[in-house]
Amino acid sequence: MPWKDVSLMSLRLEFVTLAAAEGANVRELCRRYGVSPKTAYKWIARFREGGADALVDRSRRPAASPDRTPEAIEAEVLRLHDKHSAWGGRKLRKRLIELGRRDVPAPSTITEILRRHGRLAEAPAPTAFVRFEHDAPNRLWQMDFKGHFAIAAGRCHPLTVLDDHSRFALGLFACDDERDATVRGRLTTLFRRYGLPERILCDNGSPWGTVVTPQRHTALGVWLLKLGVGVSHGRAYHPQTQGKIERFHRTLKAEVLQGRDFDDLAMCQRRFDPWRDVYNHERPHEALDLEVPASRYRISERPFPESPPVWEYGPTDAVRKVSDDGTISFKGRESTLSKAFRGERVAIRPTPEDGVFGVYFGVHPIAQIDLRV
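Residues numbered from 1 in each chain as written. Predicted model: local features only at pLDDT ≥ 70, side-chain atom pairs only at ≥ 80, totals over all residues. Heavy atoms only, no water.

**What about the overall build of the protein chain?**
Moving on, step 1. Each helix and strand in the protein chain was counted, giving ten helices and twelve strands.
Moving on, step 2. Burial status across the protein chain gives 43% buried among its 373 residues.
Moving on, step 3. For the protein chain, contacts bridging at least 24 residues in sequence account for 59% of all contacts bridging at least 6.
Moving on, step 4. Element-wise, carbon and sulfur atoms account for 50% of the exposed surface of the protein chain, whose accessible area totals about 21300 Å². (Helix = DSSP H or I, 4+ residues; strand = E, 2+ residues; numbered from the N terminus. Buried < 20%, exposed > 50% of the residue type's maximum accessible area, 1.4 Å probe, protein only. Contact = heavy atoms within 4.5 Å. Areas by Shrake-Rupley, 256 points an atom, 1.4 Å probe, with all protein chains shown as cover.)

Structural data, given as structure tokens:
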């Protein structure tokens, strides 16, 4: 008869009482009750020392645990995690060290602390990926609107701008629309503060433009080209082209937007600003060897010109002014560029391929003319 949990205490008491009787056969009792002699003699000894109360299971946890993380450190880990609930063990450890703690445990220990206190959700299965980044700040900025969401006073359209090399969040703006003027105004603010990048990577569609003609260039894109900023677009239906800003958007949702309500755009911005500071200056970044983005970012050496420059072309260039309908005429043939270039001057230059000419807006190639077709 094995000892079941539901009657464990009564069976133990019964067993030791019988075993204590004069002339009792302990070995036979062991066979009857289905316990080993070692266990039987352990309970008999406890009963003799402390009576029935001594038959209660004792914790196997050691009285002292020299390897246990001090309660003060556990409290600090939990406090920091409450402030940054999406951070894992490695980020929390890095930040605690930066805050001056000397007795910070290993990332695995911090993760175990979070798990023990019910702070961890199941992580998704890891997937393989290849990481690419430009080799210096301001070589490429990534720009996009995060999906808009409802607020009490309408909808918020978060505009985000990220430096590709450093992951530095240059801008995080709560906007009420996704129009050209809105984007241009926010970019002007960033250009005045950080200077001009070499190129900006955008999504497809308004107001960015698209990789597909004839809507490839928009007024916003032409404005950027006039400033000497190249414009690129992600592959259609391939958000991984802008992987860094997509990842930034997931972090923004997890740490700022998820489960929260907002009254108006001003309230959104009040939430965005301090979080952006934390993201840039406090939050260790996995892709940066747990350094913060601000440690790798430097402002651009190209200042923002308050008046866009007028492009000057070479003496051998064929210069044309773009018509109101977005077309130019060259060697008796009309070619369509984009209405966004209306009134602007472009240059036409021969390419190494006979009969094919490149069309340039300043230093930027914007189209080709093939006289062979």
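**Focus on the sheet that holds strand E10 (residues 345-350)**
One key point about sheets: their strands pair by backbone hydrogen bonds, in either a parallel or an antiparallel sense.
Moving on, step 1. With respect to topology, four strands assemble into an open sheet ordered E7-E10-E11-E12, the strand pairing being antiparallel. Of all the strands in the sheet, the pair left with one neighbour each is strand E7 (318-321) and strand E12 (364-370). Direction aside, neighbouring strands of the sheet carry axes that sit 30° apart on average.
Moving on, step 2. Note: E10 against strand E11 (residues 356-361), four bridges, orientation antiparallel. Residue pairing for E11: Pro 350 is matched across the bridge by Phe 357. (Pairing = 2+ DSSP bridges. Axes fitted to C-alpha atoms, helices over the stretch in contact; angles between N-to-C directions.)

**Considering the side chain of Gln 142**
Moving on, step 1. Its place among the elements puts Gln 142 in strand E1 (residues 141-145).
Moving on, step 2. Apart from the residues within four sequence positions on either side, Gln 142 is in contact with Thr 160, Val 161, Leu 162, Asp 164, Leu 201, Gln 242, Gly 243, Lys 244 and Ile 245.

**Notes on the packing of helix H4 (residues 71-83) against helix H6 (residues 107-116)**
Moving on, step 1. At a minimum axis distance of 10 Å, the contact between H4 and H6 shows a crossing angle of 75°. Overall, the two elements H4 and H6 adopt an arrangement that is roughly perpendicular. For the pair formed by H4 and H6, the contact residues are Glu 74, Val 77, Leu 78 and His 81 on the first element and Ile 110, Ile 113, Leu 114 and Arg 116 on the second.
Moving on, step 2. Counted by class, the contact of H4 with H6 contains five nonpolar, one polar and two charged residues. (Parallel < 35°, antiparallel > 145°, perpendicular 65-115°, else oblique. Nonpolar A, V, L, I, M, F, W, Y, C, P; charged D, E, K, R; others polar.)

**A look at the pattern of salt bridges**
Moving on, step 1. Going through the model one piece at a time under the given rule, you end up with 13 salt bridges.
Moving on, step 2. Put simply, Arg 184 and Asp 180 hold a salt bridge, and the shortest N to O gap is 3.0 Å. In this pair, Arg 184 and Asp 180 both sit in helix H7 (residues 180-194), four residues apart, roughly one turn of the helix.
Moving on, step 3. The closest approach of N and O atoms between Asp 317 and Arg 349, which form a salt bridge, is 2.9 Å. Note that Asp 317 is positioned in the loop between helix H10 (265-281) and E7 and Arg 349 in strand E10, a separation of 32 residues in sequence.
Moving on, step 4. The structure contains a network of salt bridges with shared partners spanning Arg 95, Glu 98 and Glu 282. (Salt bridge = Lys/Arg side-chain N within 4 Å of Asp/Glu carboxyl O.)

**Here's the deal with H7**
Moving on, step 1. With 15 residues, H7 ought to run about 21 Å at 1.5 Å a step, and its terminal C-alpha atoms sit 21 Å apart, in line with that.
Moving on, step 2. Among the residues of H7, those classed as buried are Thr 182, Val 183, Leu 187, Thr 188, Leu 190, Phe 191 and Tyr 194.
Moving on, step 3. On its buried face, H7 sits against E1, strand E3 (154-163), strand E4 (169-175), strand E5 (199-202), helix H8 (219-226) and H10.
Moving on, step 4. Note on H7: the residue one or two positions beyond its end, Gly 195, has a positive phi of about 85°. (Expected span 1.5 Å × (residues − 1).)

**Here we look at the packing of aromatic side chains**
Moving on, step 1. All chains considered together, the criterion is met by twelve aromatic pairs.
Moving on, step 2. Plain terms: the ring middles of Phe 248 and Trp 275 are 5.5 Å apart, the flat faces sit at 50° to each other, and that makes the pair tilted. Of this pair, Phe 248 sits in helix H9 (residues 243-257) while Trp 275 sits in helix H10; the two residues are 27 residues apart in sequence, bridging distant segments of the chain. Take Phe 248 and Trp 275: they sit in the same class, and that class is buried.
Moving on, step 3. Centre to centre, the rings of Phe 341 and Phe 361 are 5.3 Å apart; their planes meet at 70°, and the pair counts as edge-to-face. Here Phe 341, found in the loop between strand E9 (333-336) and E10, pairs with Phe 361, found in strand E11; they are 20 residues apart in sequence, far enough to count as distant. The same class applies to Phe 341 as to Phe 361, namely buried.
Moving on, step 4. Here the aromatic cluster, defined as three or more aromatic residues joined through ring pairs, consists of Trp 141, Phe 191, Trp 223 and Phe 304.
Moving on, step 5. The cationic tip of Arg 349 hangs over the ring face of Tyr 360; the distance from NZ or CZ to the ring centre is 4.5 Å. (Phe/Tyr/Trp six-rings, centres within 6.5 Å; stacked < 30°, edge-to-face > 60°. Lys NZ or Arg CZ within 6 Å of the ring centre and 35° of its normal.)

**Notes on the nonpolar core**
Nonpolar side chains in soluble globular proteins tend to end up buried together.
Moving on, step 1. Trp 141, Met 143, Leu 187 and Phe 191 are the most contacted members of the largest nonpolar core, which totals 25 residues.
Moving on, step 2. Counting residues per element, the ones that place at least two in this core are E1, E3, E4, H7, E5 and H8.
Moving on, step 3. Among the elements that take part in this core, H7 stands out by supplying five residues, more than any other.
Moving on, step 4. Discounting chain neighbours no more than four positions away, the residues touching Met 143 are Leu 159, Thr 160, Val 161, Val 183, Leu 187, Ile 200, Leu 201, Cys 202, Asp 203, Trp 208, Gln 242 and Ile 245. (Core = buried A, V, L, I, M, F, W, Y, C linked by side-chain atoms within 4.5 Å.)

**Some words on the confidence of the model for the protein chain**
Moving on, step 1. Confidence along the protein chain averages 82 in pLDDT terms, with 86% of residues attaining 70 or more.
Moving on, step 2. Counting interchain partners and residues more than four positions distant, the pLDDT-below-50 stretch residues 1-6 has 14 contacts.
Moving on, step 3. Confidence drops under pLDDT 50 across residues 122-131; counting only partners more than four residues distant or on other chains, this segment forms two contacts. (pLDDT = per-residue confidence, 0-100.)

**Thoughts on H4**
Moving on, step 1. The first and last C-alpha atoms of H4 sit 18 Å apart over 13 residues, in line with the 18 Å expected at 1.5 Å per residue.
Moving on, step 2. Burial in H4 covers these residues: Ile 73, Glu 74, Glu 76, Val 77, Leu 78, Leu 80 and His 81.
Moving on, step 3. Those residues of H4 that are buried are in contact with helix H5 (89-98) and H6.

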